[in-house]
Amino acid sequence: MIKVKLIRSKIGCQPKQRAILAAMGLRKIHQVKEFEDTAAIRGMIAKVPHMVEVES
């Protein structure tokens, strides 16, 4: 399991990046969600590395 934390605002980001964050369920800054460590989740994180923080 990995924890993903939204650290930057979605304001000003590209629509595809907003869609990725919405799919992950990250709505508010400093919100943390826990996911299983799968290739799909890692791919989502790779698309928005400047906006999220990953904790093990």
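Values in this document were obtained by computation on a predicted structure and should not be read as measured data.

What counts and what doesn't
- Residues numbered from 1 in each chain as written.
- Predicted model: local features only at pLDDT ≥ 70, side-chain atom pairs only at ≥ 80, totals over all residues.
- Heavy atoms only, no water.
- Core = buried A, V, L, I, M, F, W, Y, C linked by side-chain atoms within 4.5 Å.
- Buried < 20%, exposed > 50% of the residue type's maximum accessible area, 1.4 Å probe, protein only.
- Contact = heavy atoms within 4.5 Å.
- Pairing = 2+ DSSP bridges.
- Helix = DSSP H or I, 4+ residues; strand = E, 2+ residues; numbered from the N terminus.
- Axes fitted to C-alpha atoms, helices over the stretch in contact; angles between N-to-C directions.

A closer look at the nonpolar core
Right, so step 1: By size, the foremost hydrophobic cluster in this structure holds 14 residues, and its most contacted members are V4, L21, M24, L26, I45 and V52.
Right, so step 2: Apart from the residues lying within four places of it in its own chain, the contact partners of M24 are V4, K33, F35, M44 and I45.

Details of the sheet that holds strand β1 (residues 2-6)
Right, so step 1: Across the sheet, which stays open at both edges, the 3 strands sit in the order β2-β1-β3 with antiparallel pairing between neighbours. Unpaired on one side and paired on the other, β2 (32-35) and β3 (52-55) mark the two borders of the sheet. Between one strand and the next, the sheet's axes are offset by a mean angle of 25°, whatever the strand orientation.
Right, so step 2: Relative to β3, β1 runs antiparallel, the two sharing 4 bridges. Note on β3: the bridge partner recorded for K3 is E55.
Right, so step 3: Against the sheet, helix α2 (residues 39-47) makes contact with β1, β2 and β3, and its axis sits at roughly 25° relative to β1, the strand it touches most.

Honestly, it's all geometry; don't read function into it.
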